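Structural overview
Here's the letter readout for the chains.
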Amino acid sequence: MSIPIDDLLKRLHLANARRVWKHLVQHAETEKWSYEHFLATLVAEEVAHRQQTRLTRVARSARFPFLKTVDEFDFTLQSSLRMNMLGSCLSPDFVTDGRSLILMGKPGRGKTHLAIAIAYKAIQNGFDALFTTAAALIDELSRASREGRLQQALVPYLQPQVLVCDEVGYLSYGPDAANVLFHVVNERSLKKRSMIFTTNKPLKSWGRVLHDPDLADAIVDRILERGRLIVLDGPSYRTKHIELDDPSPAEDGQSGAIISGMAAPSFPEPTGFWVTRVPGLSRHVLRCDESVDS
Ligand code: ADP
Ligand code: MG
């Protein structure tokens, strides 16, 4: 009696196993694999496929304007920021401890790049993230507040485990800017949810930018309660070829990674990768401790 393997795998929603099992059987026979090795490879392929699917789905829903990783960041352009200073931001603890980050520097120093890279690492670590600009967040929430639906409008900014709020510093925000941003920061801080801000302005100028110095102080205070300020310097990456820039630190003279609030533990990059490769199949890299869903 022949067993309808394809149908059974379909019923179990094992789409990848259904796609690869015949090829794997052939390979196992030629290579004289044990039953255990065959089963382990089939299951590992399914898990790897699901992880890749999840990564693509969650990264898409994060709405990054571009995708960059820490590996693509050239630290030689930075005078004092080093890869090991970011170690703790790349570990799962960054999210589970609800830590935050403010990346400060002039344009083109890689603030948005690093914010995306850290959020993407969190996604790889099994969490979810949302990227927004401060302008978009403030515009949307100010409108919602005027229309009496602020609480509902806040939800998408409170739920993701990591929120990237890019470009605090442009002077065109409406009068309600500090108020709506405070709602987001305060509620996320109470829920111990991570936030990553980028800014081209020293923290003491946030009051002017947000039109309310007291609320701006309260915002910064909550972000740095479990957060760090990292100042990016060096030349602008966008225009470094024409040597336009003065490679001096940010406006307020702060340089390098400034630690505020808590001390900065220096965790190494999480490793724990499991690599499996079968000729004819895609190569997958699995994180052993990553949660898996489809
Ligand atoms: P910022 O947000 O500080 O204005 P971005 O992060 O948008 O700057 O960087 C501008 C461009 O330059 C992006 O394509 C980014 O990937 C690249 N870039 C900036 N700094 C670096 C760096 N140190 N190493 C590699 N690429 C960088
Ligand atoms: Mg930017």
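Report follows, based on the coordinates.

Okay, the overall build of the protein chain next. On a plain count of helices and strands, the protein chain comes out with 11 helices and eight strands. Looking at the protein chain residue by residue over its 294 residues, the buried ones come to 47%. In the protein chain, the share of contacts with a sequence separation of at least 24, taken over all contacts with a separation of at least 6, comes to 79%. Of the roughly 15,200 Å² that the protein chain leaves accessible, carbon and sulfur atoms contribute 54%.

The geometry of helix α3 (residues 35-61) relative to helix α6 (residues 111-124) is characterised by a closest axis approach of 10 Å and an angle of 140° between their N-to-C directions. When the axis of α3 is compared with that of α6, the two are oblique. Once α3 is placed against α6, the crossing between them reads as right-handed. For the pair formed by α3 and α6, the contact residues are R54, L55, V58 and A59 on the first element and Y120, I123 and Q124 on the second. A per-class count over the contact of α3 with α6 returns five nonpolar, one polar and one charged.

Next up on the list: the packing of helix α4 (residues 83-90) against α6. Look at α4 against α6: their axes get within 10 Å of each other, and the N-to-C directions meet at 45°. Relative to α6, α4 is oriented oblique. Facing L86, C89 and L90 of α4, the residues of α6 in contact are L114, I118 and K121. When the residues that make up the contact of α4 with α6 are grouped by side-chain class, the tally is five nonpolar, no polar and one charged.

Our focus in this paragraph is the packing of aromatic side chains. By the definition in use, this model includes two aromatic pairs. Pairing F73 with F75 gives two aromatic rings, centres 4.9 Å apart and planes at 70°, and the pair type is edge-to-face. For F73, a relative accessible area of 10% translates into the label buried. Given a relative accessible area of 13%, F75 falls into the buried group.

The rules behind each value
Residues numbered from 1 in each chain as written. Chains lettered and ligands numbered in written order. Predicted model: local features only at pLDDT ≥ 70, side-chain atom pairs only at ≥ 80, totals over all residues. Heavy atoms only, no water. Helix = DSSP H or I, 4+ residues; strand = E, 2+ residues; numbered from the N terminus. Buried < 20%, exposed > 50% of the residue type's maximum accessible area, 1.4 Å probe, protein only. Contact = heavy atoms within 4.5 Å. Areas by Shrake-Rupley, 256 points an atom, 1.4 Å probe, with all protein chains shown as cover. Axes fitted to C-alpha atoms, helices over the stretch in contact; angles between N-to-C directions. Parallel < 35°, antiparallel > 145°, perpendicular 65-115°, else oblique. Left-handed = near helix turned anticlockwise from the far one by under 90°. Nonpolar A, V, L, I, M, F, W, Y, C, P; charged D, E, K, R; others polar. Phe/Tyr/Trp six-rings, centres within 6.5 Å; stacked < 30°, edge-to-face > 60°.

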